[in-house]
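# Understanding the architecture of this molecule
Each chain is listed here by its residues.
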Amino acid sequence: MSETRPGRTTRALVTAAAAGYAANVAFGTAVATGVVDNRRIRWVHHALFIATSTLTGLALAASAVQRRPAGLALLPAVVPLAALPYAGGRLRRHTGLAGSAAPAFLSALVLVWSR
């Protein structure tokens, strides 16, 4: 049985949200380890965060409309994403909070690609 168009949309949005999260983690890690100096390009990390948050919201909405379980798996990522702007830039707190969203993104990817 072929997948309906909305099902492909949910898959694409969950995948894009997870890719945005991974890109943001990679960039943040590069900055934290000194590989990238972001003093002049601080906006890149912020833009990646906004894109990740927006894509996560869209993926949740699409998943809810289509009643796909990936949305339930992705839902716990909302809490750390909502709290991050208020957590400050202290490395340990920021990375711990940001990292707590990883299992939700991974679970959502597994669910959306296994069905």
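Basis of the calculations
Per-chain numbering applies: the sequence of each chain, read as written, is numbered from 1 onward. In view of the model being predicted, local features appear only for residues whose pLDDT reaches at least 70, and side-chain atom pairs are presented and counted only at 80 or more, with totals across whole chains, interfaces and linings using the full set of residues. In computing side-chain properties, one takes all heavy atoms of the structure into account and sets aside hydrogens as well as water. Numbering of helices and strands starts at the N terminus; helices are DSSP runs of H or I of at least 4 residues and strands are runs of E of at least 2. A contact between two residues is defined here by any heavy atoms of the two lying within 4.5 Å. All accessible areas in this document rest on Shrake-Rupley with a 1.4 Å probe, and a residue is counted as covered only by the protein chains that are shown. For helices, the fitted axis covers only the stretch in contact; all axes are lines through C-alpha atoms, and the angles between them, taken along N-to-C directions, range from 0 to 180 degrees. Note that the term roughly parallel is reserved for angles under 35 degrees, roughly antiparallel for angles over 145, roughly perpendicular for angles of 65 to 115, and oblique for everything else. Charged residues are taken to be Asp, Glu, Lys and Arg, nonpolar residues to be Ala, Val, Leu, Ile, Met, Phe, Trp, Tyr, Cys and Pro, and polar residues to be all remaining types, Gly included. Expected span, for any helix, means 1.5 Å times one less than how many residues it has. Whether a residue is buried, partly exposed or exposed follows from its accessible area with a 1.4 Å probe, protein chains only, as a fraction of its type maximum: under 20%, in between, or over 50%, in that order. Throughout, the arc means the angular range of directions from the helix axis out to the C-beta atoms. Each crossing is labelled by how the near helix is turned from the far one, with a counterclockwise turn of less than a right angle marking it left-handed and a clockwise turn marking it right-handed. The rule is short: rings of Phe, Tyr and Trp, with Trp giving its six-membered ring, pair when the centres are within 6.5 Å, and they are stacked under 30 degrees, edge-to-face over 60, tilted in between. Both a distance and an angle decide whether a charge sits over a ring: NZ of Lys or CZ of Arg must be within 6 Å of the ring centre and within 35 degrees of the ring normal. Should a side-chain nitrogen of Lys or Arg be within 4 Å of a carboxyl oxygen of Asp or Glu, the pair is scored as a salt bridge.

On a plain count of helices and strands, the protein chain comes out with six helices and zero strands. For the protein chain, the α and β elements follow one another from N to C terminus as α-α-α-α-α-α. Considering only contacts in the protein chain between residues 6 or more positions apart, those separated by 24 or more positions represent 71%. Per element, the accessible surface of the protein chain, about 7,200 Å² overall, is 67% carbon and sulfur.

Relative to each other, helix α4 (residues 78-87) and helix α5 (residues 91-99) sit at 170°, their axes nearing to 9 Å. Judged by the inter-axis angle, α4 sits roughly antiparallel to α5. In this structure, α4 contributes P80, A83, L84 and A87 to the contact, and α5 contributes R93, H94, L97 and A98. By residue class, the composition of the contact of α4 with α5 is six nonpolar, one polar and one charged.

We now examine helix α6 (residues 102-114). Think of an α-helix as turning once every 3.6 residues; residues three or four places apart then point the same way. The terminal C-alpha atoms of α6 lie 18 Å apart, and with 13 residues this matches the ideal 18 Å at 1.5 Å per residue to within 8%. Here α6 has its buried residues at A104, F105, A108 and V112. For α6, the angular spread of buried residues about the axis comes to 95°, placing them on one side. More than 90 degrees from the buried face of α6, the exposed residues found are P103, L106, V110, W113 and S114.

At a closest axis distance of 11 Å, the pairing of helix α2 (residues 42-66) and α4 adopts a crossing angle of 150°. Relative to α4, the element α2 lies roughly antiparallel. Judged by the twist between their axes, the crossing of α2 over α4 is left-handed. For the pair formed by α2 and α4, the contact residues are F49, S53, T56 and L60 on the first element and V78, L81, L84 and P85 on the second.

Another aspect to go through is the packing of aromatic side chains. Applying the stated rule across the entire model yields one aromatic pair. Judged by centre distance (4.5 Å) and plane angle (15°), the ring pair of Y21 and F105 falls under stacked. Of this pair, Y21 sits in helix α1 (residues 5-32) while F105 sits in helix α6, and the two are 84 residues apart along the sequence. Like F105, Y21 is buried. Between the NZ or CZ atom of R11 and the centre of the ring of W113, over which it lies, the distance is 4.3 Å.

For the rest of this paragraph, the subject is the pattern of salt bridges. All chains considered together, the criterion is met by one salt bridge. Residues D37 and R39 are paired through a salt bridge, measuring 2.8 Å at the closest nitrogen-oxygen approach.

Any functional reading would require information that these geometric values do not contain.
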